[in-house]
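# Understanding the architecture of this molecule
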Amino acid sequence: MALTREQMAMRVAQELQDGFYVNLGIGIPTLVANYVPSNMEVMLQSENGLLGMGQFPTEEEIDADLINAGKQTVTVAKGASIFSSAESFAMIRGGHVDLTVLGAFEVDVHGNIASYMIPGKLIKGMGGAMDLVAGADNIIVTMTHASKHGESKLLSQCSLPLTGKGCIKKILTDLAYIEIIDGKFHLLEHAPGVEIEQIKALTAGELVVSEHVKEMNI
Amino acid sequence: MSGFNKVVASYQEALAGLEDNMTIIAGGFGLCGIPENLIQEIKRKGTKGLTVVSNNCGVDDFGLGVLLKDRQIEKIIASYVGENAEFERQMLSGELEVVLTPQGTLAEKMRAAGAGIPAFYTATGYGTPVGEGKEVRTFNDRNYILEESIKGDFAIVKAWKADTYGNLIYRKTARNFNPMAATAGKITVVEAEEIVPAGELDPDQIHTPGIYVDRLIQGTFEKRIEQRTIRHSGEQ
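Here's what I pulled together on the structure shown here.

Rules behind the numbers
- Residues numbered from 1 in each chain as written.
- Chains lettered and ligands numbered in written order.
- Predicted model: local features only at pLDDT ≥ 70, side-chain atom pairs only at ≥ 80, totals over all residues.
- Heavy atoms only, no water.
- Helix = DSSP H or I, 4+ residues; strand = E, 2+ residues; numbered from the N terminus.
- Contact = heavy atoms within 4.5 Å.
- Buried < 20%, exposed > 50% of the residue type's maximum accessible area, 1.4 Å probe, protein only.
- Pairing = 2+ DSSP bridges.
- Axes fitted to C-alpha atoms, helices over the stretch in contact; angles between N-to-C directions.
- Parallel < 35°, antiparallel > 145°, perpendicular 65-115°, else oblique.
- Left-handed = near helix turned anticlockwise from the far one by under 90°.
- Nonpolar A, V, L, I, M, F, W, Y, C, P; charged D, E, K, R; others polar.
- Buried area = accessible area lost by both parts, 1.4 Å probe.
- Salt bridge = Lys/Arg side-chain N within 4 Å of Asp/Glu carboxyl O.
- Polar contact = N/O pair within 3.5 Å; in protein donor to acceptor, adjacent residues only side chain to side chain.

## Some words on the environment of Ala146(A)
Residue and element names in this part refer to chain A. In this structure, Ala-146 sits in the loop between strand E10 (139-142) and strand E11 (154-155). Expressed as a C-alpha distance, the spacing of Ala-146 and Asn-34, which sit 112 residues apart in the sequence, is 25 Å. Not counting the four nearest positions on each side in its chain, Ala-146 is found in contact with Glu-151, Ser-152, Lys-153 and Leu-202.

As structure tokens, then:
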């Protein structure tokens, strides 16, 4: 069975470490915050200028001056700090964020990512995504393995305008956990109940399957 | 003699000298921390052909979106414009020129302009449409593109507290682009929720020193919320 959005978030959360500063993009990445292990301290960075993002506010706590990068009202967590956009992107571009999780339309074997524009169809802008992929070492892309029409999103060459070049190493899809090494996708784990043949069939870029592929522990 | 007193008497006076085809740098992220009354005054004045530099462009009936409706904006430099139907219509029909700019690059373009830096190298956007036509240099085996800073004829800024000398304090994430915008205007106009006499704010707590501020006015703010997300009491 393909993973649900929540299960994808759960698997990504296993990559968190105690003391990590983490930036979570909109969509599935946001759900990762719900699965931070209770024995761990993780601080969430929101690129509009907040380090230490808390949970959503109660009706009484709502404050128009306190939002996250998705423009949602939030609260601050213990030990939070607030700063300008320039300071926020100094953290991101300076490589100070330990883990970045973001969505994408396509990733290719060269580590290129396309996530911000579908020409003639969807033009909303890159927001902070280009800064995040250029500035971070440790990035996990979360996306479905294929489109609704069964077209692979793991390609030999991205077809859409790029968000970043050669910057992606890890991808968690609803079917598999994949690492990019030397211009090839390497299958690390498959989702429970998903056949490796199915993953192969839905991966357009070259996929290396070793004998060490594990079943995901969800 | 007004000395360092930056306070003006009206919104009309605050934006005196704003003319057609000028460049305006605006603080704010989404609808948070936007100079909403200064935007309304630009709408009232009917200034046209504007280039607007701002992270977003408001929504259809609030924030910078109100200037789109009256076709006052000719060009916008922004990182994310997804919340605005009129925006999309004008962009797709070619009536509006849009320069999509990565958020960190946008903040740095303002910061650099204010600090007298004409351009800077960044890895952000290399190898993407953003980097097309821009100079590339390699430092320590990594490729960077040259991005130019942006100065505004006017900068419009929203602060929480100000003193009469134009020292500013922002509140929570309403700070966002406002401190950089404040440094990047030939004329920087600030609207604040409260203005106190100079000497009343703690110098250690000032976010933007008054040297960057030319005009200051006290306003009342709607502070519209774009995504009202709540948890129920007891819920984690």
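## Concerning helix H1 (residues 5-13) of chain A
Looking only at H1(A), the buried set comprises Met8(A), Ala9(A), Arg11(A), Val12(A) and Ala13(A). Taken together, the buried residues of H1(A) touch helix H2 (28-31), strand E5 (99-103), E10, strand E12 (170-172), strand E13 (176-181) and strand E14 (184-190) of chain A.

## Things to note about the sheet that holds E11(A)
Residue and element names in this part refer to chain A. Reading across from one edge, E7-E6-E11 is the order of the 3 strands in this open sheet, with mixed pairing throughout. Each edge of the open sheet carries a strand with a single partner, namely strand E7 (113-114) and E11. With 2 bridges joining them, strand E6 (residues 106-108) and E11 adopt parallel strand pairing. Residue pairing for E11: Val-107 is matched across the bridge by Leu-154.

## Quick notes on the packing of helix H3 (residues 85-93) of chain A against helix H5 (residues 103-114) of chain B
Contact pair H3(A) / H5(B): the axes reach a minimum separation of 9 Å and the direction vectors enclose 125 degrees. As far as their axial angle goes, H5(B) and H3(A) are oblique. Pair H3(A) / H5(B) crosses with left-handed handedness. Judged by residue contacts, Ser85(A), Ala86(A), Phe89(A) and Arg93(A) of H3(A) engage Gln103(B), Gly104(B), Thr105(B), Ala107(B), Glu108(B) and Arg111(B) from H5(B). Looking at the contact of H3(A) with H5(B) residue by residue, the class counts come to 3 nonpolar, 4 polar and 3 charged.

## A few points about the interface of chain A and chain B
Between chain A and chain B, the contact holds 46 residues from the first and 53 residues from the second. Here chain A packs against chain B, burying approximately 4,100 Å² in sum over the two surfaces, 58% of which is carbon and sulfur. It is Asp65(A), Lys71(A) and Lys124(A) that lose the most area in chain A upon contact with chain B, and together they represent 19% of the buried surface on that side. Notably, a salt bridge pairs Lys223(B) with Asp65(A), separated by 2.7 Å at the nearest N-O pair. Remark: the boundary between chain A and chain B carries 28 residue pairs in polar contact (both at pLDDT 80 or more). Where the side of chain A that touches chain B is concerned, the elements lending two or more residues are H3 and helix H4 (129-135) of chain A. Here the side of chain A that touches chain B gets 4 residues from one element, more than from any other, and that element is H3(A).

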